[in-house]
Each structure stands twice: as C-alpha cells, then as structure tokens.
Amino acid sequence: MKKIIEAKEFDIITCNREFENQAGYVYIDPRSFQQLELLILTFNEDEQADGIDFFNVTTKREIGKIIKVKNYVGMIHLATGLQIEILPKIHRHTTGDTRKIFLKMLKTLKDFPTKVFNEAHLNTERMPLFEVFIHLFIQEVQQLVKKGIKSAYYEVENNLNVYKGKMLFNSQIKHNLVHKERFYMHYDEFGINRAENRLIKSTLVQLLKQSSDTVNLKEIRKLLMHFELVETSYNYEKDFQLVVINRNSKDYASIIVWSKVFLNQRSFTTFSGGTFGKALLFPMDKVFEAYVGRHIAKQFSDDWNVSLQDKGFYLFEDKFALRPDIVLRTQDESRIIIIDTKWKLLSNSSSKNYGISQADMYQMYAYAKKYQTNEIFLVYPMNDQFEKTKEIQFVSDDGVRVNIFMFDCEKVENSLYNLKLNLG
C-alpha cells in the first residue's frame, strides 16, 4: 500500500520523531528521508535544474539533518513507496480546496498540457495530485479513442523470408550468416503501431503499476483494450524523436507531453535520482505569474494593450533585459502601468517593510525609469494578515510610486475589480 505524506511549501522535512506533530514540520521514516536526500543530490545529469534548487539540505542542532522545501509544489515518489505531496500555501483553505485552486492556477501555465478541464468535478478531497494528473492524462486518451486512434506509416526492422524494403547488411551478417534464405529488412508499414501510440500504451502500462486510485485503474484497463494491436515502446527516446505533431495528429499534442512526464522524460520541472525516486514539481512564482497575467490579459484587453513578459528595454544598452511580468499601455501610450508578481507571503508589519525585499524595490525603480512611468504595482498573494483591503504605497523622492496589491487566488473576480479601482 502506497503511503502519501502531505507537506506545504517551506515546510521542514525531518526523520526526528520528536517533531512529528509540530506545525511546519513533516516527519518521514529514516529510510525514506535518506532516499529523498539522495534523490536531491543525484538528480539526472541530463536535466536543466538541480535538486538543490527545490530543496535546502542542512542540519539543525536540536533536530539533526533536515530538508526544507522551497517554493516548488507537486509530488515526489521515493523508491520506498512513499509519496510526498507538496501544496502551495494558500490562506483560509483546506487541503482539498488548495488542490482545486492550484489546479486552476496550473491551467494558465503556457506548457501545461491540459487547458480544458473542470476541477470542480475532481474529487480533490481524496485524490492526491499524482492521481489527478493521471486522471487528466486518461481524459486526454479517452478523447483520442473517441475520435479514433490514428494510423500512419511507421518504420519496421524484421527478419523476413521475402525481400521487402531495404536490407540492413550489418544485421543480415549478424543474424543470417547461415540462413541464406532469410533477409533482415528495413521497411514501412501502415497501421496504428506508430511511435505516438506505442508511447501512449507504455504510459498506460506504467500508470497501471503506479496508480492506487480504483477509478483511474479501471479506466486505464479499459483504454488498454483499444491498444491491443500496439506494441509497447522499447526505446522511449527514439520514439519521442519519431513523434510528429501536425494538423493530422494534433489530438496527440497534449497526450505526448503527459507521456514525457510519466515516462520520466524531461518536461515541466522534473528530475530523477536514479533508483532513489523521481519528482514532478512546479515553481510557484511562475505559476502565480501566469495565473495573474492570463486573468489580467483577459479582463483588461478591452481598455488596455496588455503585454506579458514585455521585452522592450535593457538595463545597459543591449545587456540585462528588463522583462516585467505585465505591462498595460493605453492606445496612444500616454499612460504605462507596470505590474510585477511575487509569490511571497507578506507580513503586516510596516516597520519591517511588510517583508518586501530591497532587491524587488530596486527592480521596480529600474522599471519606472526605463519605461518612464511612476505607476508600478507589485502583486503578492493574499494571506491571513491582509484579508481586509489595506493600501500600501511607497513613493520615492523623484515621484516613483510603487503600489502593493494583494491578489486573492480564489476570488479572482473580486481581485480584478479591486485592481481596476486602484488603476483609476
């Protein structure tokens, strides 16, 4: 039986039982703790990110060795069978509610493969994130089966009694030196045993072993019946290279991205540590940026020209590009507003500048000078300390105004309305 442990971003993972029930700490058994540490330290060298980008491994005198989660959320599978689910810190919500909100946020990520799904229909109270992702993959494959599994010409290498296609001389010598009547050939065949379908079947077979949700398992078995004439992939890397997404195969686009995730290929922020485990994690700063940006682009485009990740200016000539998350411009560009998002929980303490970093304020000042505007908005997620609207503004001696705005990730419409009122 797989065991699932829930954690929140910035929680501390420990194998010291004395901290098992303390707030902010997550206890796992010593063997799993060791495997998590090894996973972090021995990630795949092919990946672009390091395990220590996601976790901080250190030692505290009163606790011993600890692993602190950074602002990445998702799930980790360890070889012990333990699954660690990391959720974002969203105020006022239960675990199930947090999952629903997080899934809504994920849909806005540019590379997230499932844009249209109703998170309200997902039983997130009982379904871990990993099972939710399996469910989304199943939905995509079900849609493909409903429309019809596509056939195509695919390459075949086989030892035949007839001469067909192109002979592979090295294989001919290796296999048929004493069988002159046979021919080792390379040729094309038409059917559903194409690379895309082989990868889908391989993903379904793997998920059949990994899922523990009875509904998901039932649907996977039903789908496998449609792929009986398809082989499993014996070389994932080669088959992924053979994948072609065009007008005729567009129904495979999202499915193949999911297959890359589940077959442990590079996609999203994934890494693995050999035999120790694997992880699928999402950077919350990017998720929050996409979430706020997509909603603003949708709601403000009638009155403003909205640019996401604007690339108009450099700090020094053509060096050090400035890329504010969101830029609003009037049609005649007489007014420019910069909106930048930061996934950080502020504290309601003016004496400590509410927890706003000095580096962020330097960045906002640079935006103001290059874009020649004194209207800057720094957007942070709403938290318990700022449930009541509070106006926070910083004004420089040369007139640059930086406004602090709290965005409610659940009550998006209310936040957008309040933002419009702030813009005037």
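Below: a short report on this structure.

The rules behind the values
- Residues numbered from 1 in each chain as written.
- Predicted model: local features only at pLDDT ≥ 70, side-chain atom pairs only at ≥ 80, totals over all residues.
- Heavy atoms only, no water.
- Patch = residues over 30% accessible without salt bridge, like charges linked within 9 Å, V, L, I, M, F, W, Y side chains within 5 Å.
- Areas by Shrake-Rupley, 256 points an atom, 1.4 Å probe, with all protein chains shown as cover.
- Salt bridge = Lys/Arg side-chain N within 4 Å of Asp/Glu carboxyl O.
- Helix = DSSP H or I, 4+ residues; strand = E, 2+ residues; numbered from the N terminus.
- Buried < 20%, exposed > 50% of the residue type's maximum accessible area, 1.4 Å probe, protein only.
- Pairing = 2+ DSSP bridges.
- Axes fitted to C-alpha atoms, helices over the stretch in contact; angles between N-to-C directions.
- Contact = heavy atoms within 4.5 Å.
- Phe/Tyr/Trp six-rings, centres within 6.5 Å; stacked < 30°, edge-to-face > 60°.

**What about a nonpolar patch on the surface?**
At step 1: On the surface, a cluster of nonpolar side chains totalling about 340 Å² of accessible area is made up of Ile 173, Leu 177 and Val 178.
At step 2: Relative to the elements of secondary structure, Ile 173 occurs in helix H4 (residues 169-176).
At step 3: Residue Ile 173 is classed as exposed on the basis of its relative accessible area, which comes to 54%.

**Remarks on the sheet that holds strand E17 (residues 336-341)**
At step 1: Pairing is mixed across the open sheet formed by six strands, whose spatial order is E13-E16-E17-E18-E20-E19. In the strand order of this sheet, the two ends are held by strand E13 (305-308) and strand E19 (392-395), each with one partner. Along the sheet, successive strands turn relative to each other by an average axial angle of 20°, direction set aside.
At step 2: Sheet topology note: the E17/strand E18 (residues 375-381) ladder contains four bridges and is parallel. Along E18, the bridge assignment pairs Asp 340 with Leu 378.
At step 3: Strands in contact with helix H11 (residues 412-423) are strand E16 (326-329), E17, E18 and strand E20 (401-407); relative to E20, the strand with the most contacts, it is inclined by about 165°.

**Some remarks on the sheet that holds strand E5 (residues 64-69)**
At step 1: Strands sit in the order E3-E2-E5-E4 across an open sheet of four strands; the sheet is mixed. The sheet terminates laterally at strand E3 (25-27) and strand E4 (55-60), the two strands that pair on one side only. The sheet shows a mean angle of 30° between the axes of neighbouring strands, taken without regard to direction.
At step 2: Examined bridge by bridge, E4 and E5 share six bridges and lie antiparallel to one another. Along E5, the bridge assignment pairs Thr 58 with Ile 66.
At step 3: Against the sheet, helix H1 (residues 30-41) touches strand E2 (12-14), E3, E4 and E5, its axis set at about 60° to E5.

**Notes on the packing of aromatic side chains**
At step 1: Per the stated rule, a full pass over the model turns up 15 aromatic pairs.
At step 2: Note on Phe 54 and Tyr 72: the rings are 4.4 Å apart at their centroids and 90° apart in plane angle, and the pair reads as edge-to-face. With Phe 54 in the loop between H1 and E4 and Tyr 72 in strand E6 (residues 72-78), this pair connects stretches of sequence that are 18 residues apart.
At step 3: The class of Phe 54 is buried, set by a relative accessible area of 1%.
At step 4: A centroid spacing of 5.8 Å and a plane angle of 75° characterise the contact between Phe 137 and Phe 262, whose relative ring orientation is edge-to-face. Linking Phe 137 in helix H3 (residues 129-147) with Phe 262 in helix H8 (residues 253-262), this pair joins segments that are 125 residues apart in sequence.

**Focus: the side chain of Thr 330**
At step 1: Locating Thr 330 in the fold gives a position in the loop between E16 and E17.
At step 2: Residue classification places Thr 330 among the buried positions, given a relative accessible area of 16%.
At step 3: Beyond its immediate chain neighbours, meaning those up to four positions away, Thr 330 contacts Trp 304, Asn 305 and Arg 335.

**Remarks on the pairing of E20**
Regular strands show a simple pattern: their side chains alternate between the two faces of the sheet.
At step 1: Of all the seven residues making up E20, six are buried; the element is thus mostly covered by neighbouring parts of the structure.
At step 2: The pairing of E18 with E20 spans seven bridges and is classified as parallel. Bridge assignment links Phe 377 to a residue of E20, and that residue is Asn 403.
At step 3: Looking at chain direction, E19 and E20 are connected through four bridges and run antiparallel. Residue pairing in the sheet places Gln 393 in a bridge with Asn 403 of E20.
At step 4: Counting the residues in the hairpin turn of E19 and E20 gives five residues, including Gly 399, whose phi is positive at 95°.

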